[in-house]
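Chain and residue survey
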Amino acid sequence: MKTIVFLTGCFVHHSCWDKWKAYFEKAGYQCIVPPWPHKSEQPATLRARQPDPAIGSIRLADLKNYFSDIISRLPEKPILIGHSFGGLLVQLMLQRDIAAAGVAIHSVPPAGVLTLSPAFFRSTWGPLGFFTPVSKTFLMSFPQWQFSFTNGLPLKEQQATYDQLVIPESKHVSRDALGKEGKIDFSKPHVPLLFVAGEKDQIMPASLNHTNFKKYGKSEGVLEYKLFPGKTHSVLGQSGWQENAAYIHGWLKENV
C-alpha cells in the first residue's frame, strides 16, 4: 500500500482535503493530512482568535522541518500532494529526497519565479502584508476570497467555502518564500513531479505554474504539466474536482 501525505496551503484549514482523502483511500492508499502547527482547531475557532500570535510566529524554515519530520517517520517514502503553498512545500520536500513522487496543484512558485499578472499582485499584496506589522496574522476578507479563490463561482458556494475553510495566516511564511528558504535547485534530479494548473486561477495563474514547470526542464526525472479549463484556485472543492483527482490517480499509477 502506498502512502499519500496531503500538504495544505495558506489561508485555509486542512479539512479542504476531506473529499480527496476519501477518494484516494477508496483507491487503496493510506492518506495522511497533517495540520500546520497551531492550526488543528476548527476554522471558526481559529478566526475568532484573529490576530493569532501563535500562527503569526510560523516561519518557513520551521514549517519545512516540521513536515520533513512527519514524512521521515513514515515506513516508506510517501507520495506528496500539495495545493497552493502546499505545492511549494512539495517541491521543497522533494529537494530533501524524502518522497516517492510529488504533485503540485496550483502551486506557489519558488523564490525567483515570477509573473506580471495584475491579478497575482492584487491577490498576494494583502497576504504579504507590506507596510503592516509582520507578526500580526492576515485573515482573508470575503471579497478577497471571492477574487483570489472562488472567482466566478456561485455566491452561495463562495460564502459556504469561506465559512468552512478560511483561517488566519502567518505573514512570515509568505515573505520567507520570497527569500533563501523558498529557493529550489532546479538542476537537481527529482522523483516524478506533476504540476496541475487551473485556467481561471487568479492568485496562482496557470502561466506562473507553467513557468515553474519549465524551470525543471533540464533536470533528470519524470516531469509533467496539466492544465484544467475552468478551474479556480478553489479547485479542491470546486464542482468537478473528481476530474482532477482521477487524472492525478492515473498519473500516479503510471509513474510511481
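Values in this document were obtained by computation on a predicted structure and should not be read as measured data.

1. Structural notes on the environment of Lys218
Counting through the fold element by element, Lys218 comes out in the loop between helix H10 (206–215) and strand E6 (223–228). Residue Lys218 is classed as exposed on the basis of its relative accessible area of 85%. Measuring from C-alpha to C-alpha, the distance between Lys218 and Lys188 comes to 9.1 Å, with 30 residues separating the pair along the chain.

2. Considering the pairing of strand E4 (residues 101–105)
Within a regular beta strand, the side chains point alternately toward one face of the sheet and then the other, so they alternate between its two faces. Taken across its 5 residues, E4 has 5 buried, putting it largely inside the fold. What you see with E4 is no split at all: Ala101, Val103 and Ile105 on one side and Gly102 and Ala104 on the other are buried throughout. Pairing of strand E3 (residues 79–83) with E4 involves 5 bridges; the strand directions are parallel. Across the sheet, the residue bridging to His83 is Ile105, located in E4.

3. Notes on unusual backbone geometry
Following Gln50, the chain continues to Pro51 via a peptide bond in cis, the omega torsion being -5°. Looking at the element boundaries, Pro51 is found in the loop between helix H2 (43–48) and helix H3 (53–56). The backbone phi angle of Asp97 is positive, close to 55°, even though this residue is not glycine. Counting through the fold element by element, Asp97 comes out in the loop between helix H5 (85–94) and E4.

4. Topic: the pattern of salt bridges
Counting across every chain of the model gives 7 salt bridges. Put simply, Glu25 and Lys21 hold a salt bridge, and the shortest N to O gap is 2.7 Å. Highlighted residues: Glu25 and Lys21, both in helix H1 (residues 18–26), separated by 4 residues, approximately one helical turn. A relative accessible area of 36% means that Glu25 is categorised as partly exposed. The class for Lys21 is partly exposed, based on a relative accessible area of 27%.

Rules and cut-offs
Residues numbered from 1 in each chain as written. Predicted model: local features only at pLDDT ≥ 70, side-chain atom pairs only at ≥ 80, totals over all residues. Heavy atoms only, no water. Helix = DSSP H or I, 4+ residues; strand = E, 2+ residues; numbered from the N terminus. Buried < 20%, exposed > 50% of the residue type's maximum accessible area, 1.4 Å probe, protein only. Pairing = 2+ DSSP bridges. Salt bridge = Lys/Arg side-chain N within 4 Å of Asp/Glu carboxyl O.

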